[in-house]
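# Inside the fold
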Amino acid sequence: MQPKQSIIHLPVYQPGKPVEEVKRELGLKDVIKLASNENPFGCSEQAKLAIVNEIAHASIYPDSFSTVLTSALAEQLGVERKQLIFGAGSDEVILMLARAYITPGDETIMADETFPQYKHNSEIEGAVIIEVPLKDGTHDLEAMLAKVTDKTKIIWICNPNNPTGTIVRQEELTAFLRQVPSNVIVALDEAYYEYVTDAAYPDSIALIKEFNNVIVLRTFSKIHGLAALRVGYGVGHADLIHYVNQVREPFNTTRFGQAAAAASIGDGAFLQSCRDRNSEGRLYLCAAFDRLGLQYFEPHGNFVMVDTKLPSKQVFDALLRKGIIARARWSYYPTHLRITVGSQEQNEKFIQALEEVLDEAAVLG
Ligand SMILES: *Cc1c(COP(=O)(O)O)cnc(C)c1O
């Protein structure tokens with residue numbers, strides 16, 4: 001048996017450590033997971049009700065076209081229904097985009113470090129990967145533009161960027177899009193857009209009206225707190241979306257996911273409260289890092305990338321023994337930790353644990 005050449009070297013995805021596993025392995029009673037940017041406040045009560053109501057229909061296939069969810073979202077975003085595509089998380093929209101558009105030998109451009117799924121799915125399709133280092137933790141759009149050739153198929157921009165949390169602003173993004181050839185797709189991954197409070201953050205839905213080659217990727221996994229149900233979406237020009245839809249599996253989103261997502265869209269109060277509490281938590285963490293003399297990238301999502309000034313594996317392991325699961329080990333950032341903004345109580349416990357870890361390391365020299 002011989003697998004495709006393009007996948008032989010691929011690593012299996014390593015998720016953040018699950019809470020139950022850490023409790024078992026370390027014999028801990030209380031464990032806080034701040035590793036996967038999940039919503040510490042759960043999901044909307046209305047979404048929970050919608051899930052329960054769907055249980056009676058579990059034996060019936062879901063609506064392949066996500067009709068109810070599509071209509072609700074199209075109305076909220078002010079786009080046409082045919083401009084939307086849903087996936088099993090935005091991960092699957094990334095997969096479908098690569099599958100629909102990339103042929104072996106095409107070039108695709110992305111930042112380094114950024115969300116790993118762009119590279120992963122592009123490699124599977126046999127693309128040549130062009131990685132452009134971040135500049136001060138932010139996408140270097142000029143350097144990315146300089147890498148465009150007549151073989152370029154997709155440029156990926158993660159905004160806010162995972163793992164650094166930085167954003168590309170409206171003005172620079174618009175200037176960039178004006179220079180990108182119209183046959184090159186620009187995928188704007190906005191998994192965290194609801195958390196952004198900076199007024200200079202791009203209005204990407206307005207941009208897709210001007211640029212037919214832009215697809216915006218969003219998800220119900222983050223602020224909506226529905227990560228387990230796997231719903232994400234893409235928005236773009238109907239022609240671009242059309243071909244992504246052609247490679248979509250017939251029943252790629254579930255009844256539960258569709259119903260919960262539609263209910264969650266309607267619960268603006270829940271989303272606003274998550275946004276507000278996240279902003280407060282972000283400020284709290286940054287103030288604590290300032291006090292500890294630790295530098296961090298300007299955070300715009302629900303996580304902060306902080307430089308611990310120690311090997312991140314060491315800090316990660318020490319935090320784990322204190323019941324805190326963080327995220328570490330990025331090749332470009334060997335001393336950084338990415339920490340999800342939790343509830344106030346979780347944030348305080350994390351900072352206390354971090355202080356202890358840093359103190360212990362200082363004593364040991
Ligand atoms: C979490 C995340 C996603 C997608 O998550 P799904 O659960 O697959 O919707 C996409 N992009 C980035 C940058 C993310 O952090």
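Residues numbered from 1 in each chain as written. Predicted model: local features only at pLDDT ≥ 70, side-chain atom pairs only at ≥ 80, totals over all residues. Heavy atoms only, no water.

## Let's talk about the overall build of the chain
Put simply, the test is: By definition, any uninterrupted DSSP run of H or I lasting at least four residues is a helix, any uninterrupted run of E lasting at least two residues is a strand, and each is numbered from the N terminus. Computation of the radius of gyration draws on C-alpha atoms alone. For the globule rule, the value is 2.2 Å times the number of residues to the power 0.38. In this analysis, two residues are considered to be in contact whenever any of their non-hydrogen atoms come within 4.5 Å of each other. To measure how exposed things are, a 1.4 Å probe is used in the Shrake-Rupley method; for residues, cover is taken only from the protein chains shown. In this tally, Lys and Arg are treated as positive and Asp and Glu as negative; His is ignored, and so are the chain termini. To locate a charge, take atom NZ for lysine, CZ for arginine, CG for aspartate or CD for glutamate.
Looking only at helices and strands, the chain features 13 helices and twelve strands. For a compact globule of 365 residues, the expected C-alpha radius of gyration is about 21 Å, and the chain comes in at 21 Å, within 12% of that figure. Summarising its shape, the C-alpha atoms of the chain cover approximately 60 × 55 × 55 Å along the three principal directions. Long-range contacts, defined here as pairs at least 24 residues apart, represent 73% of the contacts in the chain between residues at least 6 apart. A total accessible area of about 16800 Å² is found for the chain, and carbon and sulfur atoms account for 53% of it. Side chains of the chain carry 35 positive and 46 negative charges; the gap between the two charge centres is 4 Å.

## Details of the environment of F220
Mapping F220 onto the fold places it in the loop between β7 (214-219) and β8 (232-236). Residues F220 and E360, 140 residues apart in the sequence, show an inter-C-alpha distance of 39 Å. Among residues more than four places away in sequence, those in contact with F220 are L69, F86, G225, L226, A227, V231, G232, Y233, A261 and I265.

## Remarks on the UniProt feature "domain: Aminotransferase class I/classII large" (unreviewed entry) in the chain
Here is the rule we go by: UniProt positions are given in the numbering used here, feature names are shortened, and annotations may be inferred rather than shown by experiment.
In the numbering adopted here, UniProt assigns the feature "domain: Aminotransferase class I/classII large" (unreviewed entry) to residues 29-354. Helix makes up 40% of residues 29-354 and strand 18%. Its end C-alpha atoms lie 19 Å apart.

## Some points on the pairing of strand β9 (residues 303-307)
Inclusion rule: The rule is simple: take the accessible area with a 1.4 Å probe, protein chains only, and divide by the maximum for that residue type; under 20% is buried, over 50% is exposed, in between is partly exposed. Paired strands, in this sense, are two strands between which DSSP finds at least two bridges.
β9 sits mainly inside the fold: five of its five residues count as buried. The alternating pattern of β9 places F303, M305 and D307 and V304 and V306 on opposite faces, both of which are buried. One ladder, built from five bridges, connects β9 with strand β12 (residues 333-340); its direction is antiparallel. Across the sheet, residue M305 finds its bridge partner in β12, namely R338.

## Points about the environment of I124
Turning to its location among the elements, I124 is positioned in helix α5 (residues 117-124). With relative accessibility at 22%, the residue I124 sits in the partly exposed group. Beyond its immediate sequence surroundings of up to four residues, I124 is in contact with K4, S6, I7 and L10.

## Focus on the sheet that holds strand β11 (residues 327-330)
Here is the rule: Axis angles are defined between N-to-C directions and span 0 to 180 degrees, where every axis is a line fitted to C-alpha atoms and, for a helix, only to the segment in contact.
With respect to topology, three strands assemble into an open sheet ordered β9-β12-β11, the strand pairing being antiparallel. The strands lining the two open edges of the sheet, one partner per strand, are β9 and β11. Across this sheet, the average inter-strand angle for adjacent strands is 30°, counted without regard to direction. As paired elements, β11 and β12 share three bridges and run antiparallel to each other. By the bridge assignment, R327 is partnered in β12 with R338. The sheet strands contacting helix α11 (residues 268-291) are β9 and β12, and the helix crosses β9 at an angle near 10°.

## Observations regarding the pattern of salt bridges
Here is the rule: Counted as salt bridges are all cases of a side-chain nitrogen of Lys or Arg within 4 Å of a carboxyl oxygen of Asp or Glu.
Evaluation of the coordinates by the stated rule reveals 17 salt bridges. Notably, a salt bridge pairs R169 with D198, separated by 3.1 Å at the nearest N-O pair. One end of the pair, R169, is in the loop between β5 (152-158) and α7 (170-179); the other, D198, is in the loop between β6 (185-189) and α8 (204-210), and 29 residues separate them in sequence. Put simply, R169 and E298 hold a salt bridge, and the shortest N to O gap is 3.4 Å. With R169 in the loop between β5 and α7 and E298 in the loop between α11 and β9, this pair connects stretches of sequence that are 129 residues apart. Here R169 falls in the partly exposed class, since its relative accessible area comes to 30%.

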